[in-house]
Amino acid sequence: MQTLVRLLLRTAAILGIISASLMWADGLEGSAIFILLLVAAGTATRIGVLASRTREQLQLQTVRSAQVAPYHSMGPRQFEEAIAFLCQRDGCTQVQVTGKAGDLGADVLATAPDGRRIVIQCKRYGPTTKVGSADVQRFGGTCWSVHGGQVAAVVTTSVFTKPASEYAVQHGIRCVDADVLAGWASRTGPAPWM
């Protein structure tokens, strides 16, 4: 039923655009009117595609928010253990939760299925608190040299600021925000080491 309603609305939109174009183009030649009709139809189609994509994105965002919600209710240590669980579930070995005062940025250490050493910093933040550049820089200062990481990732229940993301890209650190975490947790997205 909803598909039929959408189809009718799109058809009405296309006919409205065509009618407006014809009224405006009253004094134009046949080829110009034909071009206007093509442009109008293309515009209406693009509007329909964009509306459909927006709906799909909203649905995906809702599903992913539901996936991340349990992580928000965890304490920091529980969140680190949950991330360690995901690593172990996805084939990592030698998984350790090391997060504590003085951990030098490593909350979870593991060995990926292909043998690479993984170092993960966990940031369980509320949806309005972003992981900043200073957080990622502190981690970047230890993940390679102190912890011997071959894959370094910061995993958060929130998002990263633009400077944090830029720093991470420059230094080979993977940013796992709430959406990516939801994909990883639900197995609809990759693990950080992939």
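In this report, the structure presented in the accompanying data block is examined. Predicted model only: the values in this text are computed from it and were never measured. (Residues numbered from 1 in each chain as written. Predicted model: local features only at pLDDT ≥ 70, side-chain atom pairs only at ≥ 80, totals over all residues. Heavy atoms only, no water.)

## Brief notes about the environment of Gln150
Thought 1: By the secondary structure assignment, Gln150 is in the loop between α4 (133-140) and β4 (151-156).
Thought 2: Separated by 38 residues in sequence, Gln150 and Ala112 place their C-alpha atoms 9.7 Å apart.
Thought 3: Discounting chain neighbours no more than four positions away, the residues touching Gln150 are Gly115, Arg116, Arg117 and Trp144.
Thought 4: Among the polar contacts made by the side chain of Gln150, one reaches the main-chain amide nitrogen of Arg117 at a distance of 2.7 Å. (Helix = DSSP H or I, 4+ residues; strand = E, 2+ residues; numbered from the N terminus. Contact = heavy atoms within 4.5 Å. Polar contact = N/O pair within 3.5 Å; in protein donor to acceptor, adjacent residues only side chain to side chain.)

## Concerning α4
Thought 1: Of the residues making up α4, those classed as buried are Ser133, Asp135, Val136, Phe139 and Gly140. Within α4, the buried residues cover an arc of 160° as seen down the axis, which keeps them to one side.
Thought 2: Residues of α4 that are buried sit in contact with β3 (117-123), β4, α5 (162-170) and β5 (173-176). (Buried < 20%, exposed > 50% of the residue type's maximum accessible area, 1.4 Å probe, protein only. Arc of directions from axis to C-beta.)

## Looking at the sheet that holds strand β1 (residues 93-97)
Thought 1: Pairing is mixed in the open sheet, where five strands are placed in the order β1-β2-β3-β4-β5. Each end of this open sheet is capped by a strand with a single partner; those strands are β1 and β5. For this sheet, the mean angle separating the axes of adjacent strands, direction not counted, is 20°.
Thought 2: Two strands pair when backbone bridges link them, and β1 and strand β2 (residues 108-111) are joined in this way by three bridges, in the antiparallel orientation. Of the residues in β2, the one forming a bridge with Val97 is Val108.
Thought 3: Against the sheet, helix α3 (residues 76-89) makes contact with β1, β2, β3 and β4, and its axis sits at roughly 175° relative to β1, the strand it touches most. (Pairing = 2+ DSSP bridges. Axes fitted to C-alpha atoms, helices over the stretch in contact; angles between N-to-C directions.)

## Some remarks on the environment of Arg174
Thought 1: With respect to the helices, strands and loops of the structure, Arg174 is situated in strand β5.
Thought 2: Taking the C-alpha atoms as reference, Arg174 lies 8.4 Å from Trp193; in sequence the two are 19 residues apart.
Thought 3: With residues up to four places along the chain from it excluded, the contact list for Arg174 reads Arg116, Val151, Ala152, Ala153, Val154, Pro192, Trp193 and Met194.
Thought 4: Looking at Arg174, its side chain comes within polar contact range of the main-chain oxygen of Met194, at 3.2 Å.

## Describing helix α6 (residues 178-186)
Because an α-helix completes one turn every 3.6 residues, residues spaced three or four positions apart along the sequence face the same direction.
Thought 1: Every buried residue belonging to α6 is among Ala178, Leu181, Ala182, Gly183, Trp184 and Ala185, and all of these are buried.
Thought 2: With a side-chain oxygen lying 3.1 Å from the backbone nitrogen of Asp179, the N-terminal cap of α6 falls on Asp177.

## Overview of the packing of aromatic side chains
Thought 1: Counting across every chain of the model gives two aromatic pairs.
Thought 2: Summarising the aromatic geometry, the rings of Tyr71 and Phe79 are spaced 5.7 Å apart at their centres and angled 75° between planes, so their arrangement reads as edge-to-face.
Thought 3: For Phe79, a relative accessible area of 1% gives the class buried.
Thought 4: An angle of 90° between the planes, with centres 5.9 Å apart, marks the rings of Trp184 and Trp193 as edge-to-face. (Phe/Tyr/Trp six-rings, centres within 6.5 Å; stacked < 30°, edge-to-face > 60°.)

## What to know about the environment of Val180
Thought 1: Here Val180 is to be found in helix α6.
Thought 2: Distance from Val180 to Val159, taken between C-alpha atoms, is 9.8 Å for residues 21 residues apart in sequence.

## Points about the pattern of salt bridges
Thought 1: With the rule as written, the count across this model stands at six salt bridges.
Thought 2: The residue Arg77 makes a salt bridge to Glu81 at a minimum N-O spacing of 3.4 Å. Taken together, the residues span about one helical turn, with Arg77 and Glu81 both in helix α3 at a distance of four residues.
Thought 3: Residue classification places Glu81 among the partly exposed residues on the basis of a relative accessible area of 41%.
Thought 4: Residues Asp114 and Arg116 are paired through a salt bridge, measuring 2.8 Å at the closest nitrogen-oxygen approach.
Thought 5: The class of Asp114 is exposed, set by a relative accessible area of 52%. (Salt bridge = Lys/Arg side-chain N within 4 Å of Asp/Glu carboxyl O.)

## Some remarks on the pairing of β2
Thought 1: In β2, alternate side chains face the same way, and those of Val108 and Ala110 on one face and Leu109 and Thr111 on the other are all buried.
Thought 2: Summarising the sheet, β2 and β3 pair through four bridges and their orientation is antiparallel. Bridged to Val108 within β3 is Ile120.
Thought 3: Linking β2 to β3, which pair antiparallel, is a turn of five residues; within it Gly115 sits at a positive phi near 95°.

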